[in-house]
Number of protein chains: 4
Amino acid sequence: MIGVAVIGYGYWGPNLARCFAETDGCRLVAIADASPDALARAAKRHPYVRLLNDWREALEDPQVDAVAIATPVRTHFDIANASLLAGRHVLVEKPMTETSAQGRMLLETAERRGLTLMVDHTFVYSPAVAKMKELIAADDLGEVYYYDSTRINLGLFQKDVNVIWDLAVHDLAILQYVLNSRPTAVSANGVSHVHGTPENMAHLSLYLESGAVAHLNVNWLAPRKVRQVFVGGSRKMIVWDDLEVSEKIKVYDRGVNLTDKVEDIYSMMVSYRIGDMWAPHLATTEPLIAEAAHFVDCINTGKRPTTDGRLGLQVVEMLEAATRSMAMRGHPVEFGGMRRAS
Amino acid sequence: MIGVAVIGYGYWGPNLARCFAETDGCRLVAIADASPDALARAAKRHPYVRLLNDWREALEDPQVDAVAIATPVRTHFDIANASLLAGRHVLVEKPMTETSAQGRMLLETAERRGLTLMVDHTFVYSPAVAKMKELIAADDLGEVYYYDSTRINLGLFQKDVNVIWDLAVHDLAILQYVLNSRPTAVSANGVSHVHGTPENMAHLSLYLESGAVAHLNVNWLAPRKVRQVFVGGSRKMIVWDDLEVSEKIKVYDRGVNLTDKVEDIYSMMVSYRIGDMWAPHLATTEPLIAEAAHFVDCINTGKRPTTDGRLGLQVVEMLEAATRSMAMRGHPVEFGGMRRAS
Amino acid sequence: MIGVAVIGYGYWGPNLARCFAETDGCRLVAIADASPDALARAAKRHPYVRLLNDWREALEDPQVDAVAIATPVRTHFDIANASLLAGRHVLVEKPMTETSAQGRMLLETAERRGLTLMVDHTFVYSPAVAKMKELIAADDLGEVYYYDSTRINLGLFQKDVNVIWDLAVHDLAILQYVLNSRPTAVSANGVSHVHGTPENMAHLSLYLESGAVAHLNVNWLAPRKVRQVFVGGSRKMIVWDDLEVSEKIKVYDRGVNLTDKVEDIYSMMVSYRIGDMWAPHLATTEPLIAEAAHFVDCINTGKRPTTDGRLGLQVVEMLEAATRSMAMRGHPVEFGGMRRAS
Amino acid sequence: MIGVAVIGYGYWGPNLARCFAETDGCRLVAIADASPDALARAAKRHPYVRLLNDWREALEDPQVDAVAIATPVRTHFDIANASLLAGRHVLVEKPMTETSAQGRMLLETAERRGLTLMVDHTFVYSPAVAKMKELIAADDLGEVYYYDSTRINLGLFQKDVNVIWDLAVHDLAILQYVLNSRPTAVSANGVSHVHGTPENMAHLSLYLESGAVAHLNVNWLAPRKVRQVFVGGSRKMIVWDDLEVSEKIKVYDRGVNLTDKVEDIYSMMVSYRIGDMWAPHLATTEPLIAEAAHFVDCINTGKRPTTDGRLGLQVVEMLEAATRSMAMRGHPVEFGGMRRAS
C-alpha cells in the first residue's frame, strides 16, 4: 500500500487528492499547502488525512512513500529534488521544471536513487490520445504529415509562466507520446496584450526528425474555448475535438492522390480522395484515475512511466527553445545542443 | 454603359461573367479563353457574347472598355499591363501579380493613364467583412489585439503558387481593409507534403504598426473545411465563421480586467470578463455582385476602388515576404525596403 | 428527344427549367406562366425557348411531349388532367393534387392512356435518402422502430395549403420510399398563429403496418432552420442532418440489449449498447438532375417512376387524413377507407 | 439549523446529499437506503452522517426536521405521507406521486399540518429557465405562441414509469413555471419498442388556456442526446440548448409581419422579420444548490416553494392525462375533471 502526500492544494491539487483517495493500492495520507484556506477546504473533503502547512513535514512522515506535487512551476524543482533526496517517489505537475538544467538534475537523482519520477501530462492517459496512438501505431494514417492544434480560451493569466508553458505543454507531451519523433527546430511567435504579464498568445511551428511538422496555436485571450487537433497523414486524417461529448475522435478517409493526368492549367497532377468518416467509440475512463494507477504500478514494479522524467525533460527543452524563438519573432531555434539556427 | 470582357473562363471566370452580365451600367461583350472547351461552356451560358480564343483580340474591340482577368497568376502582369496600355480599365484576380515589381509597374501605368486598376479581393465586399469593419471603426472592440484566421480544406493543389498565395491572400487583403495598419514584419513556416509541389500548409505571424498581430493558418491538406477568424480586442471580440449559414459574425462581450487584488500565487492581477454574445443580422448581398457594381462605379466617377492597385500591391509584398520567411523556417522578414530582420 | 414544357415559373419552375435544359435526351421547348414578370425572367435565362402566357397553348404545341407542372397546388389537377388527356406525360410538383379523389382520377387517366405520371418528390432522388434506403434494405438497422423528423424554419406562409402539405409532404414520400410500409393510422395536432391563415405548426404521429412509427414536426414559425431525421432500428440508428455540408448521414452502432440480470430497483433488464459512429461519403449528385433524367428514362422505356402517381396518391391520402385528425386535436384517423378510429 | 435526512441513495440521492451537506442553514444528519452497497458508498462520502437501512428510523430521529426523498416513484406517496404525518417537511423527487389522488392527499396533509411540501423539479432552479421566465415576464417575446421541446437520448429503460413520467415531467414543470397557464387538453402518442417495458418514445401536444401550444418529444432510444427547446413568440423567439456549454439561451429577433401587399399567388400577406440573435450571459449557479437553499428558506419563513405541491400535482395530472391519451393513440384528453374530449 503506497502512502501518497499531495503537495499544493490550489487549482489542481484537489483532483490529485481525489484520485489517489480512490485508487487501489495506495492511500492518501497527507495534504500540504501554505494557505490555511486551502487546508480548510482539504479538511472538509478529506477529514481523515494529515494536513500540513509546510511540505517539508511530508518528507519526514514515514507513511509517505510518494509525493504528488501541484505547486507553481518555479517551486517544482526544489520540492521534487528534496523529495527524491528523501527517498520518495515523485509525480510532478507539468511542466516538470522551470529549466532543462533542473530537469536533468532531477532525472539523474531519480535514476541514481532508483526512484520513480513521473510527470503529470494528464492528456497522455486520456482515451482520445490512446486511440490516436493506436491508429498511428497501426499505420492507419500512413505517413504522418502534420499535427495542428488550437488550444485557446479566456484563461487565467499566470504570472510565473507564459501561455506556451501553460497550454502548449499539453501538445508537446502528446506529440512525443503519439509520434515518438525528436524535434529538430522550433519557430515561435507570441505577444503579451496586458502590460507586465508574460505572453498570452503564441504560435509554434515545430519540425520533427520524421519529416512531420507540428503547429500549436495557444491563447489565453480568446472569446471561446477551443480544443481541436488535426492530424494529417498520407492515407487518413484525424480530427480530435476534446470538447465534443461523445465523438472526440473522427477519422477521415481523405487525402490526395498523385496522378499522371494533367487536368488543366490551374491544377497539379494531384487529385482529392474523399471517403467515409468514422468516429470510434472511446472508453470513458477518467485520465487522472488511470494515471494515478499507473504511478502506483510503476512504483511497485519499477517499470518506466509512460510520462517519465525523460519525456518531461524533452517537453521542458522544447518550451525553452520556443520561448527563445518567440523573443526573436520566430527566428528558428535548432535542437541538439540548443544551437540557434542558420 | 461600360463594355466588359472577361479574360479566362476556367474556375472563377464564369462567376465574373455572370456578375457583369447581371450588373446595371455595364454589359458583358466578350469572353476570351484559349481552351475550346471553356469557350463552348461560355457559349452555352452567354450565347449572345463574343467569344475569343486570344485575349489580345479583346483589346482591339472598341466595345470593350474594361477587362476582368481570371487567368493563372503568372499571366496577370502581361494581360493587365497590355490592357492598361490599350486604354482599358482593369479588374484582376487576386493576387494582383507574381511579384511586387510587376505590381508597382501596373500601378504606375494605371495612374499615368488615369485608368481604374482594381483587384478582385472578393471577401472585402462581403457583408461579414463590412460588419467587422463597421464594429472596429466604431471602436466597439477597443484596441484590436489580434486577428487569427484558420482557412483550411482539402483543396486543389496548384502548380504556380503555394498555399499562401492561394489562401492567405484573402486574409491579407481583409486585414488591410479592416485594420488599416501597415505590417512591420512577418514570420512564416510552411511545408510541402507532395514531392515537387509548392508548400501546401503554412502558418504566418504578421506584426502590424498598430501593435496588433495577425496569424494565418492555411492548408490544402485538411480533412475538413474551416473558415474561421477570431478578432480579439480590449473590450470585445469577434468570431467570424464563414461557413455558418445565418450567424457568420458573433460579437462577444468578453475580455480581461486589470485589478489591484492579488488573487493567489497562481494568478495575475487580471480577471475575466464574460458578458453576452450577439450575432448581428447580416445582409445577404452576394459579394461579387457588389464588387462588380463598385468597379463600374469607379470607372464612371474616377474614384479609387476599395481594393485598388495599392492595396493589391501591399498584399503581394506581404506574400513575397512571407514566402521568403518560409524558406528560412520562420526567420522574420521586415517590411520597409524588405530588409531581413535582426 | 423528349420535348418538355415547364408550366409555372415562380419559385420552383426555374429549377425545373434549368434541369430539363441540362438533361440529355430531352430539350426544354416552352415555359408558360401568366405573369409577364415571370416570363421576362424566363426569357433572360432561356432566350431560345417558347414563352406562353397560357399553359393551354403548350398542349397544342406538337413539340411538347411532356409537361412539368410547378403551379399552386389547387391548379395541379386541372393542368395535369388536361395534359394527360392531350396525350402528354406529366411531372407534377408535390403534393400531386388537392384531394385524393383528384389523385385517383389522374392515376386512372394516366394508366388508361399509357402515359407517365410522376410526382416531383425531389428528396427521394437525393444521395442521402438513397443511402438510407440502401442501409435499411441491407438490414443494417435491424427492425426499424421509428422515423422522427424535424423540418422547421421561418418559412413563407402559404395561403392555399397548411404547413403539413408544404413540409410534412417531404417526409411522407421519403417514408413510403424508404420503409415501404402502409400507414394504418395518423394522429396530428397543429395550430395557426396568424389569424386567417392555415396551420403553420403541426406534429404528426403515423402508425405503420410494419410496427414502426413515424413522427413529423413541421413549423413555418421557427427562428432557425432545422432539417433533421432520426431513424431508430434494433441494431443501428441513423441521423440525417440535411443542413450538414459533408456528413449528412451518420450511422450509430447504438441500441439496447435485453439481459437477464436485474440491475437494481430503477432499471429494467435492458442495457445500453454504444459503439462507433460512421458517416458514409455521399455522392454529390443534384437530386433534381437525377430526377429529370429518370423522368425522361421512364417516358422512353415505359417503366414506372420511383415516385409514380400511386406513391403521390398515398402521400395525398396521408395529408388528408392528417389534416382531418388535426381538426380533431389529435383524434386518430385510420387508413383503409379513411374510417375514423375508435 | 434544519436537520435533513436523504431517503434513497441510488442515482439521484447522492446529489441531494452533497447539496444539503454544502448548503448554509441546514445540515445532513442521516441517509437511508435498503441497499448495503448504497450505504457503503454513502459512508465513504459522508463519514459523519447517520446511516439507516430503513427510512422509518429517520422519522423517529429528533434531529431530522426535513426529508429529501429520492426513491422510486411508486414509493413516493408512502414515504412522503408518513413524513408529513410525523411532522417533517418534505422535498420529494419528481414526479411527486404515482397518481393525482395521492398527490391531492399529500397536498392536504401538508397544508393541514403547516409543513413545507416541495417537489424536486430541478430545472426550474436553473439559470437558463430563470432567464426564459424573465424574458417572457418582461414581455420581450410578445404573445407566446409555442413551446417545443426535444428531450431524447439513449436512456436507461425504467420499469415503473414510461418515458413521459421520466423525461416529459421536466418540461411540464418548466411550462407551468415559465408560462403560468393552465392546460386545457392533451394529445399524446407513444410506443414501446422492447416487449414488456413501458413506452420508451412519446410525443405530446398540450393546449394551454393562453392559446399557446406545447409539444414534447421524449425518447429513451435515440442515438444522440438532445436537450433543445424552441419557444416562439409574436416578437421574439428563444432556443434553449441545454447541452451548449456557454450559450444555452439564444434569443432571436425573428418572426412574421402581417402586410397588406399581396406578393404573388404563392404567399400570404405575411413577411419574414429577421433581425439579430443574442445570447445573454447566464450565471453558473448549480440548480440543485439553489433549490436546496430555497427549501431551507421556505421551511424557515413558511413561504410557498416555487415548485410547491400544487405545481407538483398539476404535473402529475398532466402525466396521467397524457398516459391516457397515449393509450388511445392521440385521442385528446381534456382537463377540468379529466373528462375525455369530443
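Residues numbered from 1 in each chain as written. Chains lettered and ligands numbered in written order. Predicted model: local features only at pLDDT ≥ 70, side-chain atom pairs only at ≥ 80, totals over all residues. Heavy atoms only, no water.

1. Notes on the relation of the copies chain B and chain A
Thinking step 1. Expressed as a screw operation, the relation of chain B to chain A combines 0.0 Å of axial shift with a rotation of 180°, fitting to an RMSD of 0.0 Å. Seen this way, the second copy is the image of the first under a two-fold rotation axis. Relative to the rotation axis, the closest C-alpha in chain B is found at His331 of chain B, a distance of 2.1 Å. (Least-squares fit on C-alpha atoms with pLDDT ≥ 70 in both.)

2. Re the interface of chain B and chain A
Thinking step 1. Listed by partner, the interface residues are 65 residues for chain B and 64 residues for chain A.
Thinking step 2. Between chain B and chain A the total buried area reaches about 5700 Å² when both faces are included, carbon and sulfur atoms providing 64% of it.
Thinking step 3. Viewed at the interface, chain A and chain B are joined by zero salt bridges.
Thinking step 4. Linking chain B to chain A there are 22 residue pairs in polar contact (both at pLDDT 80 or more).
Thinking step 5. Take the side of chain B that touches chain A: its biggest share by element is seven residues, from strand β11 (residues 221-233) of chain B.
Thinking step 6. Across the side of chain B that touches chain A, the residue classes tally to 34 nonpolar, 22 polar and nine charged. (Contact = heavy atoms within 4.5 Å. Buried area = accessible area lost by both parts, 1.4 Å probe. Salt bridge = Lys/Arg side-chain N within 4 Å of Asp/Glu carboxyl O. Polar contact = N/O pair within 3.5 Å; in protein donor to acceptor, adjacent residues only side chain to side chain. Helix = DSSP H or I, 4+ residues; strand = E, 2+ residues; numbered from the N terminus. Nonpolar A, V, L, I, M, F, W, Y, C, P; charged D, E, K, R; others polar.)

3. Overview of the pattern of salt bridges
Thinking step 1. This model, assessed by the stated rule, comprises 61 salt bridges over all chains.
Thinking step 2. Note that Lys250 of chain B is salt-bridged to Glu244 of chain B, the shortest N-O span being 4.0 Å.
Thinking step 3. In the salt-bridge network here, residues are joined through shared partners; they are Glu111, Arg304, Asp308 and Arg310 of chain A.

4. A few points about the nonpolar core
Thinking step 1. Of all hydrophobic cores here, the largest spans 251 residues; its most connected members are Trp240 of chain B together with Trp240 of chain D.
Thinking step 2. Setting aside chain neighbours within four positions, we find Trp240 of chain B in contact with Phe123, Ala128, Val129, Met132, Tyr147, Arg151, Ile174, Arg227, Gln228, Val229, Lys248 and Ile249 of chain B.
Thinking step 3. Core analysis: the next-biggest nonpolar cluster, separate from the first, contains 250 residues, Val169 and Val316 of chain A, Trp55 of chain C together with Tyr146 of chain D among them. (Core = buried A, V, L, I, M, F, W, Y, C linked by side-chain atoms within 4.5 Å. Buried < 20%, exposed > 50% of the residue type's maximum accessible area, 1.4 Å probe, protein only.)

5. A few points about the pairing of strand β6 (residues 117-120) of chain A
All names here are of chain A.
Thinking step 1. Burial along β6 is two-sided: the residues Leu117 and Val119 and Met118 and Asp120 are all buried.
Thinking step 2. The pairing of strand β5 (residues 89-93) with β6 spans four bridges and is classified as parallel. Counted as the bridge partner of Val92 is Val119 from β6.
Thinking step 3. Handedness of the crossover joining β5 and β6 through helix α5 (residues 100-113): right-handed. (Pairing = 2+ DSSP bridges. Right-handed = clockwise from strand over helix to strand, strands pointing away.)

6. Focus: the pairing of strand β4 (residues 66-69) of chain A
Residues and elements named next belong to chain A.
Thinking step 1. What you see with β4 is no split at all: Ala66 and Ala68 on one side and Val67 and Ile69 on the other are buried throughout.
Thinking step 2. In this sheet, β4 lies alongside strand β1 (residues 2-7) in parallel orientation, the contact comprising four bridges. The residue bridging Ile7 from the neighbouring strand is Ile69, located in β4.
Thinking step 3. Across four bridges, the pairing between β4 and β5 is parallel. Residue pairing for β5: Val67 is matched across the bridge by Val90.
Thinking step 4. Tracing the backbone out of β4, into helix α4 (residues 73-85) and back to the parallel element β5 gives a crossover that is right-handed.

7. A look at the sheet that holds strand β4 (residues 66-69) of chain D
Residue and element names in this part refer to chain D.
Thinking step 1. Taken in spatial order, the six strands of this open sheet run β3-β2-β1-β4-β5-β6, and their pairing is parallel. The outermost strands of the open sheet, each flanked by one partner alone, are β3 (50-52) and β6 (117-120). Each strand of the sheet is rotated relative to its neighbour by a mean of 25°, with strand direction disregarded.
Thinking step 2. Contacts from helix α2 (residues 36-45) reach β2 (26-32) and β3 within the one sheet, and its direction differs from that of β3 by about 175°. (Axes fitted to C-alpha atoms, helices over the stretch in contact; angles between N-to-C directions.)

8. A few points about the packing of aromatic side chains
Thinking step 1. A complete count under the given rule lists twelve aromatic pairs over all chains for this structure.
Thinking step 2. Taken together, a centroid distance of 6.4 Å and an interplanar angle of 35° make the contact between Tyr11 of chain B and Trp12 of chain B tilted.
Thinking step 3. Judged by its relative accessible area of 24%, Trp12 of chain B falls in the partly exposed class.
Thinking step 4. When the ring of Phe20 of chain D is compared with that of Phe295 of chain D, the centres are 6.0 Å apart and the planes differ by 70°; the resulting orientation is edge-to-face. Residue Phe20 of chain D is located in helix α1 (residues 13-22), and its partner Phe295 of chain D is located in helix α8 (residues 287-301); the two are separated by 275 residues in the primary sequence. Assigned by exposure class, Phe20 of chain D and Phe295 of chain D land together as buried. (Phe/Tyr/Trp six-rings, centres within 6.5 Å; stacked < 30°, edge-to-face > 60°.)

Just distances and angles here, no functional claims.
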